Amino acid sequence: MADAVQTPQIETGKFTPRVFSGIQPSGGLTLGNYLGAIKRFVEMQESGIETVYCIVDLHAITVWQDPDKLRHATRELCAGYIAAGLDPQKSILFNQSQVSAHAELGWVFSCVARIGWLNRMTQFKDKAGKNRENASVGLFSYPTLMAADILLYHATHVPVGEDQKQHLELTRDVAAKFNHDFKTDFFPLPEPVIEGVATRVMSLRDGSKKMSKSDPSDMSRINMTDDADTIAKKIRKAKTDPDALPSEAEGLKERPEAKNLVSIYASLADMSVNQVLAEVGGKQFSAFKPMLSELAVAKLSPISAEMDRLMQTPDEIDKILRNGADKARAIASPILDKTLEIVGMVR
Ligand code: AQP
């Protein structure tokens, strides 16, 4: 268990340790979401810390979402959470738009954050691309809503993939500026938890690009709902180089595609990269890829079968989300009320 999460031992001061994280229902779940986020969510749930996991549908609509597809993706993400091991009895599972305090605190924080801070966000630049003038205002201010998601629960730890590091830093800046401006210590400065060997799973077609739900090429990613043949085909066709695998991690430098496939194997097998290379060093990709396919299918098939089963009863999923939202509201409402009081709103 080389990449097992260590229960963070940070000083949380007056704040009780609480984990918050979320995923956008902006398409089907990918292997990147699973290894970079959900697998870690489950480990943290089992570590005994209070865990709150959200389906961030308000974030998803920062880019166009077809309403029917959004509804489907929201339920499918909830099914993915549960199928991968999140237990609604142990963790709070809910969707963001059912707890209106997210949007309300998001507004307050959009008045705390500075435009200069948001201008530095690389994810906005990547997602807006060249057509920046045509991007939604929500896409630009996304990180202030993310700060609200986290701070609304006084969360102390936030498990995320590497790509969210900058947004987490902005969340800490928002909390620190709010505390400073209003001479309070009301908000904690949450710690990102970016651990393990697969904090940045790369595209199967291009080792310099993150594996993403919204990549136009389906061959670039493994979807959690892909069947065994599709997974095997995508891994068989994954871009590699002509060399054999090295026997130590050092030998993967400058070989992004090879590093990606070995890291995926390591994360799925709960091994370190060096442990994997000790076993497969010297092999050609023609021998390694079938091993990776077999492992990926063994790990992902039970999850996708369970997702399928859960999706047969969407009413049950909706009930789980409503119950989760009630529990989330019970934590969030007093924190929002106190925030508005600190700001000077008449209550
Ligand atoms: N490729 C990845 N490797 C490791 N972690 C990843 N995450 C996403 N992609 C990878 C982590 O998954 C969590 C949820 O991400 P998100 O859905 O909220 O947004 P995202 O990071 O923008 O993910 P996508 O798949 O790229 O979505 P789209 O295409 O809609 O933008 C986060 O913790 C993220 O780090």
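Residues numbered from 1 in each chain as written. Predicted model: local features only at pLDDT ≥ 70, side-chain atom pairs only at ≥ 80, totals over all residues. Heavy atoms only, no water.

Our next topic: the overall build of the chain. Along its length, the chain carries 13 helices and five strands. For a compact globule of 347 residues, the expected C-alpha radius of gyration is about 20 Å, and the chain comes in at 21 Å, within 12% of that figure. In terms of overall dimensions, the chain has a C-alpha envelope of 70 × 45 × 45 Å along the principal axes. When the accessible area of the chain is evaluated, it comes to approximately 16000 Å², of which 50% is carbon and sulfur surface. (Helix = DSSP H or I, 4+ residues; strand = E, 2+ residues; numbered from the N terminus. Rg over C-alpha atoms; globule rule 2.2 N^0.38 Å. Areas by Shrake-Rupley, 256 points an atom, 1.4 Å probe, with all protein chains shown as cover.)

To continue, consider the site of the ligand. Near the ligand you find 23 residues, and of these Lys 127, Asp 163, Ser 212, Lys 213 and Ser 214 are the closest. Between the ligand and Gly 32, the relevant distance is 3.3 Å, taken from a nitrogen atom to a main-chain nitrogen or oxygen of the residue. Measuring from an oxygen atom of the ligand, one finds a side-chain N or O atom of Asn 33 at 3.2 Å. Protein coverage of the free-state accessible area of the ligand, which is 640 Å², stands at 97%. Examining the composition of the shell around the ligand, we find that four residues originate from one element, helix α1 (residues 31-46), more than from any other. (Near = heavy atom within 4 Å. Polar contact = N/O pair within 3.5 Å; in protein donor to acceptor, adjacent residues only side chain to side chain.)

Any two packed helices are characterised by how steeply their axes cross, that is the angle between the axes, and by the distance between the axes. Packing of helix α10 (residues 256-269) against helix α12 (residues 285-311) leaves a shortest axis separation of 10 Å and a crossing angle of 40°. Judged by the sense of rotation from one axis to the other, the crossing of α10 with α12 is left-handed. Touching Ala 258, Leu 261, Val 262, Ile 264, Tyr 265, Leu 268 and Ala 269 of α10 are Phe 285, Phe 288, Lys 289, Met 291, Leu 292, Leu 295, Ala 296, Lys 299 and Leu 300, all from α12. (Axes fitted to C-alpha atoms, helices over the stretch in contact; angles between N-to-C directions. Left-handed = near helix turned anticlockwise from the far one by under 90°. Contact = heavy atoms within 4.5 Å.)

With that settled, the discussion passes to the domain arrangement of the chain. Each assigned domain of the chain is listed here: domain 1 (19-193 + 313-343) and domain 2 (218-310). On a C-alpha basis, the centres of domain 1 and domain 2 stand 29 Å from each other. Contacts between the two partners involve 15 residues from domain 1, matched on the other side by 15 residues from domain 2. Counting each side, the surface lost to burial between domain 1 and domain 2 is near 1300 Å², with a carbon and sulfur contribution of 71%. Here domain 1 is connected to domain 2 by one salt bridge. With its nearest N and O atoms 2.7 Å apart, the salt bridge here joins Asp 270 to Lys 39. Applying the counting criterion to the domain 1 and domain 2 interface returns five residue pairs in polar contact (both at pLDDT 80 or more). Secondary-structure elements contributing two or more residues to the side of domain 1 that touches domain 2 are α1, α3 (67-83) and α13 (314-343). Examining the composition of the side of domain 1 that touches domain 2, we find that five residues originate from one element, α3, more than from any other. (Domains from an automatic or database assignment. Buried area = accessible area lost by both parts, 1.4 Å probe. Salt bridge = Lys/Arg side-chain N within 4 Å of Asp/Glu carboxyl O.)

So, on to unusual backbone geometry. Positive phi, normally seen in glycine, also occurs at Lys 183, with a value near 45°. By the element assignment, Lys 183 lies in the loop between α8 (165-181) and β5 (191-193). Classification of Lys 183 as exposed rests on a relative accessible area of 75%. One non-glycine residue, Asp 270, adopts positive backbone phi at about 55°. Counting through the fold element by element, Asp 270 comes out in the loop between α10 and α11 (273-280). (Buried < 20%, exposed > 50% of the residue type's maximum accessible area, 1.4 Å probe, protein only.)

This next bit is on the pattern of salt bridges. In total, this model carries 21 salt bridges according to the counting rule given. Here Glu 191 makes a salt bridge to Arg 172, at a shortest N to O gap of 3.4 Å. Taken as a pair, Glu 191 in strand β5 and Arg 172 in helix α8 lie far apart in primary sequence, 19 residues in all. For Glu 191, a relative accessible area of 27% puts it in the partly exposed group. Owing to a relative accessible area of 25%, Arg 172 belongs among the partly exposed residues under this scheme. Salt-bridge contacts for Asp 326 lead to Arg 329; the nearest nitrogen and oxygen are separated by 2.9 Å. With Asp 326 and Arg 329 both in helix α13 and three residues apart, this pair spans about one turn of that helix. Overall, the relative accessible area of 45% leaves Asp 326 in the partly exposed class.

Further remarks concern the nonpolar core. Note that soluble globular proteins tend to have their nonpolar side chains buried in a common cluster. Leu 31, Tyr 34, Ile 38, Tyr 81, Leu 268 and Phe 288 are the most contacted members of the largest nonpolar core, which totals 58 residues. Counting the residues that make up this core, at least three belong to each of domain 1 (19-193 + 313-343) and domain 2 (218-310). The contacts of Leu 268, once residues within four sequence positions are left out, are Leu 31, Tyr 34, Leu 35, Leu 292, Leu 295, Ala 296, Lys 299 and Leu 300. In this structure, Tyr 142, Ala 328, Ile 335 and Leu 340 belong to the second largest nonpolar core, which totals 45 residues. (Core = buried A, V, L, I, M, F, W, Y, C linked by side-chain atoms within 4.5 Å.)

Position of Asn 179 relative to the elements: it lies in helix α8. Take Asn 179: its relative accessible area is 11%, and that puts it in the buried class. Excluding residues that lie within four positions of it along the chain, Asn 179 makes contacts with Thr 184, Asp 185, Phe 186, Phe 187 and Leu 189.

Before going further, it helps to spend a moment on the pairing of strand β3 (residues 91-95). With respect to burial, β3 is a largely interior element, five of its five residues being buried. Of the two faces of β3, the one holding Ser 91, Leu 93 and Asn 95 and the one holding Ile 92 and Phe 94 are both buried throughout. By the bridge criterion, five bridges tie strand β2 (residues 50-55) to β3 in an arrangement that is parallel. Residue pairing across strands places Thr 51 opposite Ser 91, the latter belonging to β3. (Pairing = 2+ DSSP bridges.)

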